[in-house]
Amino acid sequence: MKIAILGTGMVGNALGTKLVQIGHQIMMGSRTANSDAGQEWLRLVCGKAQIGTFTDAAAFGEIILDCTNGANSLAALHQAGAANLRGKILVQISNPLDFSKGMPPTLTVCNTDSLGEQIQREFPDTRVVKALNTVNCDLMVQPSLVPGGHDLIICGNDAGAKREVTARLVEWFGWKKENIIDLGDITASRGTEMYLALWVRLWGVLGTPHFNIKIVRGG
Ligand SMILES: NC(=O)c1ccc[n+]([C@@H]2O[C@H](COP(=O)([O-])OP(=O)(O)OC[C@H]3O[C@@H](n4cnc5c(N)ncnc54)[C@H](OP(=O)(O)O)[C@@H]3O)[C@@H](O)[C@H]2O)c1
């Protein structure tokens, strides 16, 4: 499958590397065609992928993984271009974290809106599925890093796109279908993004980013 990874940070690296390892065609996008970070990743995967601009990658991908810096995702996606995103699934992973006042970060948007919604509004012809944003990137591609069953929350307006993303998360990374909770339309990304306030504090207390939530249901 041709997959676009938008973003050259640790999330783009983790997802891109895993997807190359399992044989997919990957193009990693950046603001510039030959970014240092992109070239470094390309060396890491022994040249078995491509790098380019956000525009190049979005045009290349049949499915697009948004791993851009959350405070700048809208800018990055505009560089990718609405025409290149049209009709495609955008797995929207970034969180709108604002580190400008230090730790812990705050959110650039919350309560009555979210980054997932902003992106869906800005690109109405793109099938936005918010997913993977509630777990560390090592865990995204290797859920077994945390023992036992633990859950992933997804949301989005397009039921078919959510089914497709669920199938890919199972096939690519080994998530269990029963652990993927569809929380409804894209407004649910308010909750999954605001969860980051709790996630960051848990990280500090636990001393590892390798943890996750498990929803336990009563009768
Ligand atoms: N770290 C995790 O485990 C984890 C887990 C869940 C969610 N997330 C979220 O995933 C996202 C990616 O995180 P990350 O640490 O991998 O990368 P990051 O450093 O937050 O973002 C890197 C990407 O953002 C682009 N970018 C930065 N400023 C930009 C601007 N002004 N305009 C357009 N593009 C810009 C960069 O472009 P260039 O390539 O041109 O520099 C780069 O490709 C974040 O929102 C983060 O909150 C992270």
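The coordinates are above.
Presented here is a report on the structure given in the accompanying data block. (Residues numbered from 1 in each chain as written. Predicted model: local features only at pLDDT ≥ 70, side-chain atom pairs only at ≥ 80, totals over all residues. Heavy atoms only, no water.)

### A short note on helix α1 (residues 10–21)
What counts is decided by this rule: Helix numbering and strand numbering both begin at the N terminus, where a helix is a DSSP run of H or I of at least 4 residues and a strand a DSSP run of E of at least 2. Expected helix span is given by 1.5 Å per residue-to-residue step, counting one fewer step than there are residues. Here's how the labels work: a residue is buried when its accessible area is under 20% of the maximum for its type, exposed when over 50%, partly exposed in between, all with a 1.4 Å probe on protein chains only.
An ideal rise of 1.5 Å per residue puts 16 Å on 12 residues; α1 measures up with 16 Å between its terminal C-alpha atoms. The set of residues buried in α1 consists of Gly12, Ala14, Leu15, Gly16, Thr17, Leu19 and Val20.

### A few points about the sheet that holds strand β1 (residues 2–6)
Put simply, the rule reads: Paired strands, as defined in this entry, are two strands with at least two bridges between them according to DSSP. Geometry is summarised by axes, namely lines fitted to C-alpha atoms with helices restricted to the contacting stretch, and by angles between N-to-C directions that run from 0 to 180 degrees. Contact definition: two residues touch when any of their heavy atoms are within 4.5 Å.
Within the open sheet, the eight strands sit side by side as β3-β2-β1-β4-β5-β8-β9-β10. Their pairing is mixed. Two strands lie at the open edges of the sheet, namely β3 (50–53) and β10 (180–182), each paired on one side alone. Shown here is a sheet whose adjacent strand axes are inclined to one another by a mean of 25°, direction ignored. Sitting on the sheet, helix α6 (residues 115–122) is in contact with β4 (63–66), β5 (89–92) and β8 (127–130), with an inclination near 175° to β8.

### Thoughts on the site of the ligand
Stated precisely, the cut-off is as follows: Any residue with a heavy atom positioned within 4 Å of a molecule or strand is treated as near that molecule or strand. What qualifies as a polar contact is a pair of N or O atoms within 3.5 Å, subject to a donor-acceptor requirement within protein and to the restriction that residues adjacent in sequence count only when both atoms come from side chains. The protein chains shown are the only cover counted for residues, whose accessible areas, like all others here, come from Shrake-Rupley with a 1.4 Å probe. All amino acids are sorted into three groups, where Ala, Val, Leu, Ile, Met, Phe, Trp, Tyr, Cys and Pro are nonpolar, Asp, Glu, Lys and Arg are charged, and the leftover types, Gly among them, are polar.
Near the ligand lie 24 residues; those nearest to it are Thr8, Val11, Ser30, Arg31 and Cys137. One of the side-chain nitrogen or oxygen atoms of Ser30 is found 2.6 Å away from an oxygen atom of the ligand. Between Cys137 and the ligand, the recorded distance is 2.8 Å, taken from a backbone N or O atom to an oxygen atom. Coverage of the ligand by the protein chains reaches 78% of its 910 Å² of free accessible surface. Looking at the shell around the ligand, the elements that each hand over two or more residues are α1, α4 (73–80) and α7 (137–141). Residue composition of the shell around the ligand, by class: 10 nonpolar, 13 polar and one charged.

### Concerning the packing of aromatic side chains
The following threshold applies: Between rings of Phe, Tyr and Trp, where Trp is taken as its six-membered ring, a pair exists when centres lie within 6.5 Å; planes separated by under 30 degrees are stacked, by over 60 edge-to-face, and by other angles tilted.
In the structure shown here, the tally under the stated rule is three aromatic pairs. Relative to Trp203, the ring of Trp199 has its centre 5.4 Å away and its plane inclined at 45°; by these criteria the two rings are tilted. With Trp199 and Trp203 both in helix α9 (residues 189–206) and four residues apart, this pair spans about one turn of that helix. A residue is classified by how much of its surface remains accessible, and Trp199, at 10% relative accessible area, is buried. Feature note: the residues Trp199, Trp203 and Phe211 constitute an aromatic cluster, connected by ring pairs.

### Here we look at the pattern of salt bridges
Convention followed: For this document, the term salt bridge refers to a Lys or Arg side-chain nitrogen within 4 Å of an Asp or Glu carboxyl oxygen.
A complete count under the given rule lists eight salt bridges for this structure. With a closest N to O distance of 2.7 Å, Asp113 and Arg121 form a salt bridge. Arg121 gets classed as exposed once you look at its relative accessible area, which sits at 52%. A salt bridge links Asp182 to Lys162, with the nearest nitrogen and oxygen atoms 3.0 Å apart. Placement of Asp182 in strand β10 and of Lys162 in helix α8 (residues 159–173) is noted, with a sequence separation of 20 residues between them. Residue classification places Asp182 among the partly exposed residues on the basis of a relative accessible area of 44%. On the basis of relative accessibility, which here comes to 8%, the residue Lys162 falls in the buried class. Among the charged side chains, a salt-bridge network with shared partners connects Glu164, Arg168 and Glu171.

### Remarks on the pairing of β1
Burial of β1 is extensive: four of the five residues sit out of reach of the surface. Relative to strand β2 (residues 25–30), β1 runs parallel, the two sharing five bridges. Bridge pairing in β2 places Ile3 opposite Ile26.

### Topic: α8
Which entries qualify depends on this criterion: Summarising the geometry, the arc corresponds to the directions from the helix axis toward the C-beta atoms.
Here α8 is 15 residues long and its end C-alpha atoms lie 21 Å apart, about the 21 Å a rise of 1.5 Å per residue gives. Considered for burial, the residues of α8 that qualify are Ala161, Lys162, Val165, Thr166, Arg168, Leu169, Trp172 and Phe173. Buried positions in α8, seen along its axis, are confined to an arc of 165° and lie on one side of it. Its side-chain oxygen at 3.0 Å from the backbone nitrogen of Gly160, Asp158 defines the N-terminal cap of α8. The first or second residue beyond α8 is Gly174, which carries a positive phi of 85°.

Nothing here speaks to function; it is geometry throughout.
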